[in-house]
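Residue-level structure breakdown
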Amino acid sequence: MKYYLTTPIYYVNAAPHIGHTYTTIVADLIRRFKTMQGFEAVLTTGTDEHGQKVERSARAAGKTPEEFTTIIAAEFRQQWEKLGFKIDHFQRTTSPQHHKVVQGLFKRCLDNGYIYKSAYSGQYCFFDELYVSDAKPGDPCPDCGRPTETVTEENLFFKLSAFTEKLVELHEQNPDFLQPETRRNEVLSFLRQGLNDLSISRTTIKWGIPVPGYAPHVFYVWFDALTTYMSAVDGLDLWPADLHLIGKEIVRFHAIYWPAFLMAAGLPLPKRIYAHGWLLFENDKMSKSRGNIVRATPISDVVGIDALRYFLLREIVFGQDGSFSYDALVGRYNSDLANGLGNLASRTLTMIRQYRDGAIPAPAGAPAMAEQARETIASVIAAFDRFEFSKALETLWALLSAVDKYIVEQAPWKLIKKPDAAATLDATLYTAAEVVRIATALLAPVIPDSTAKIWAQLGMSEPLESVRIDRLAWGQLAGGQKIGEVAAVFPRIDAGVAIPKMQELEIAETARQAALLGKAPSPPQDLIAIDDFVKVDMRVGVVLDAQAVKGADKLLHMKVDIGEAKPRSIVAGIAEAYKPEDLVGRKVVIVANLQPRKLRGIPSEGMIVAASVEGGKPVLAGFHEDIPVGARLK
C-alpha cells in the first residue's frame, strides 16, 4: 500500500525558519507513522524558484536567478538533512523534469478547451504573485497588505469560472477533502461568490518555464508551483497524493486552483488537503518586518531536534495557530521529557539492572495497567490518524503518569527486601518496562532520535523503525531479555544557560542567512521613538492598603498613594507572588496615565509595573535608594 504526502513547495525568497520546519516536522511524523502502519510512505518537499520576487531577490543579492535559487534550494535541503527528516523526493521547480510535467499539464488543459489568450490590465501583488481583482492603483494586497502595482500585458487565461459548480460539489460532497472544517467553510463561502478566470502566464518577466508555442509567455507561479507535487514522482505510479500539508494562507490555491487545473486536464485529484495555522512567537505572528522569526537549527544545536519536535506537536493543536517561546520550550522539555518519559525509563531500567541483574522478568504485570496500556495504544493510533497529535501525546502521558504512580505504590525498593515478594517485584518491573516499550514505539514517529536510544537500552533486537505500530500489544516484551547500558536520554535543561545560548546562536544564524540572501539582518524588534516613550507617565507610589479580590486567585486590590489628592485604586495580577500584608508600605512603580477600567467590578486607575518570564511569578519594580512618593520616572 502506498501513502504519498507532500509539504508545501517552499518559496526561495527566504531561507528556512521555524514555520517551514513545523510543517516539515508534521510531514516527517506522518511519513514515519504510516511506514510503521505498513504503508510504503513517500514524502515530497521542494523549492518554488520562479517568478518576479525571485528575479528581484537575486538582483538584490548580486546574483543571477540560477545562482540565487541554487544557493537557497541547497540551504533547504541541507537543513532538512541536518534535522533528520526522512525526505524521499526534493523537487526544484527549475529542474527539466518539472518543466516537462508543467508543459504536459498545460497541453492537456489547452487540448480540452480551458485555455485562451487575452489582455490583462490591473493590480498585481509581486510579493504574493497574486492578481488583485477590483483593486485600484496603489490599493493594498488583501493577503499581505503591501501596495499593489499596475500591470498591463497579454496573458494566457485558464477558464476557472467553468469549475465553480464542480468545486462547490467537490467540497460539499467530500467534507474530508479539505480540513480542518473552518478552512472548508471559508473555501465554500469564496466559491459561492463565483469564480473569475485566472491568468496563468506572464510576458513581462523572463524567469519562468516557457509556455510551448506561446513565446515569450512563461508560466505564472501557481500553475508552475502546484504541479511540483506531480513532477516530483513522475513515472513512479504514486499520483494522486494521499495528503497535501499546507499553511492556511495558501488554502485557496490548493483547494480551488489546483483541483480545477487537474479537472481540466482529466487527471485524478489529491485525496486530502490539511491546512495548519500560523506559528506565533510569544503570541505575535512571526514576520520579517517584525524581526521575530525563529530558526530551528540554533534550537536543535542546544537542546536537540527532538525537544523542538515534541514541543510543537504537544503544545499546538494541529490546524490552529500556536505560540512558540524559549521559556515554554524548556519548561515542556523538563516537565514531560526529563521528569516524565526520561525519568521513567531511567529508573525502571536501573532497577532491573540492580534487582534482576539486567534481565527483563518473565512476562506478567498488573491487569489494570495492562488494560490502560491497551486502551492507550488504540487511542494514540486513532488520534494520529486524525492528525490530533497534541491529544495523542496527552493520552500517552496519562499512561506514563499512571505507571509512575503504580511504581510508587508498589515500592520495588521495599519489595527487594522481602524474600516472599519476588513475584510481586517481577510483575512490577515487567509492568514498568512494558509501558516504557509501548510508549517508545508509539513515540518513534514523534521523537525518533531519543526513542531509538531508549529502545537500545531496553535491549530490543528489532530496529525500532521496523516495528508495526498497528500490531503493538501488551505482553510482547520478552522475559529474560538483557537490557543495554542505562544512560539519561533527557538530561534536565537549565533555562538560564540554554535560552541565552539559543538566542545567541539565533543572532548568528540570522546574520548568516541574511548574508546568503544578500540582505542586512532585520532588527530584533519594532523600535519606538522617544516621543512615544515619553507619553508613558510612570510615578513612584506607596501601597497604603492591599486586599485579595474575592473569587480571583491572581488579583489583589490596592490603594496606592502617588502624591495626588486621594489614593489610586489599582487591581493587579500579583496575588500568587505577594501576600497583601507584605505590600503595605512598599514603594512601587505605577503607570499613571492609563485609561481606567474595571476588573471584577473594581475600578483600576493605573497599572503596577512588574517583570516576569513566561511561566514565572511577577517581580515588582522598586528602588534601592529612598525616593519620594509621586516622583516621575524618566
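Here, every reference points to the structure presented above.
Residues numbered from 1 in each chain as written. Predicted model: local features only at pLDDT ≥ 70, side-chain atom pairs only at ≥ 80, totals over all residues. Heavy atoms only, no water.

So, the sheet that holds strand β12 (residues 273-276)
- If you walk across this open sheet you meet the 6 strands as β3-β2-β1-β11-β12-β7, and the pairing is parallel. At either end of the open sheet lies a strand with only one pairing partner, and these are β3 (89-92) and β7 (178-179). (Pairing = 2+ DSSP bridges. Helix = DSSP H or I, 4+ residues; strand = E, 2+ residues; numbered from the N terminus.)

Considering the side chain of R314
- Summarising the element assignment, R314 is placed in helix α11 (residues 305-315).
- Apart from the residues lying within four places of it in its own chain, the contact partners of R314 are R332, D336, S390, L393 and E394. (Contact = heavy atoms within 4.5 Å.)

So, the environment of T348
- Note that T348 resides in helix α12 (residues 326-355).
- Take T348: its relative accessible area is 1%, and that puts it in the buried class.
- Residues T348 and V486 lie 138 residues apart in sequence; the distance between their C-alpha atoms is 9.8 Å.
- Here T348 is in contact with I407, L429, A432, A433 and V436, once residues within four sequence places are set aside.
- Separated by 2.7 Å, the side chain of T348 and the backbone oxygen of L344 make a polar contact. (Buried < 20%, exposed > 50% of the residue type's maximum accessible area, 1.4 Å probe, protein only. Polar contact = N/O pair within 3.5 Å; in protein donor to acceptor, adjacent residues only side chain to side chain.)

Thoughts on a nonpolar patch on the surface
- Nonpolar side chains collect at one region of the surface, where I530, F533 and V534 lie side by side and expose about 310 Å² of accessible area between them.
- Structurally, I530 can be placed in helix α19 (residues 530-533). (Patch = residues over 30% accessible without salt bridge, like charges linked within 9 Å, V, L, I, M, F, W, Y side chains within 5 Å. Areas by Shrake-Rupley, 256 points an atom, 1.4 Å probe, with all protein chains shown as cover. Salt bridge = Lys/Arg side-chain N within 4 Å of Asp/Glu carboxyl O.)

Quick look at the environment of L313
- Checked against the element boundaries, L313 lands in helix α11.
- Separated by 291 residues in sequence, L313 and Y22 place their C-alpha atoms 8.7 Å apart.

What about unusual backbone geometry?
- Put simply, Q179 and P180 share a cis peptide bond, and its omega is 0 degrees.
- Relative to the helices and strands, P180 is located in the loop between β7 and α6 (181-191).
- Cis geometry marks the peptide bond from A215 to P216, where omega comes out at 10 degrees.
- Mapped onto the secondary structure, P216 falls in the loop between β9 (201-202) and β10 (218-219).
- Non-glycine residue F387 carries a positive phi angle of around 65 degrees.
- Not every positive phi belongs to a glycine, and R600 is a case in point at roughly 55 degrees.
- Tracing the sequence through the fold places R600 in the loop between β20 (597-599) and β21 (602-604).

Focus: the pattern of salt bridges
- If you walk through the whole model with that rule in mind, you get 35 salt bridges.
- Of the charged contacts, one joins D537 and R632 as a salt bridge, the two residues approaching to 2.9 Å between their closest N and O atoms. You can see D537 sitting in the loop between α19 and β16 (538-548) and its partner R632 sitting in the segment after β24 (619-620), a full 95 residues away along the chain.
- On the accessibility criterion, D537 (16% relative accessible area) is buried.
- Since its relative accessible area comes to 52%, R632 is described here as exposed.
- Look at the salt bridges and you will find they share partners, linking D537, R539, E564, R568 and R632 into a network.

Topic: the nonpolar core
- Counting residues in hydrophobic clusters, the biggest one holds 177 residues, and the most contacted among them are I30, F158, F261, I299 and F324.
- With 14 residues, the single largest contributor to this core is α12.
- Setting aside its immediate chain neighbours within four residues, I299 contacts I18, V294, G304, L308, F324, Y326, L329 and M502.
- Counting residues in each nonpolar core, the second largest holds 16 residues, with M558, V560, L583 and L620 among its members. (Core = buried A, V, L, I, M, F, W, Y, C linked by side-chain atoms within 4.5 Å.)

Thoughts on empty space enclosed by the protein
- One pass over the structure, following the stated rule, counts 1 cavity of 30 Å³ or more.
- Taken as a whole, the largest cavity holds about 40 Å³ of empty space.
- As for the largest cavity, its lining consists of 10 residues, of which G51, I205, F219, Y220 and V221 are closest to the centre.
- Classifying every residue of the lining of the largest cavity gives 6 nonpolar, 2 polar and 2 charged. (1 Å grid on protein atoms, 1.4 Å probe; cavity = no way out; pocket = protein on both sides within 12 Å on 5 of 7 lines; lining within 4 Å. Points joined across faces, edges and corners; volume = space filled by probe spheres on them. Nonpolar A, V, L, I, M, F, W, Y, C, P; charged D, E, K, R; others polar.)

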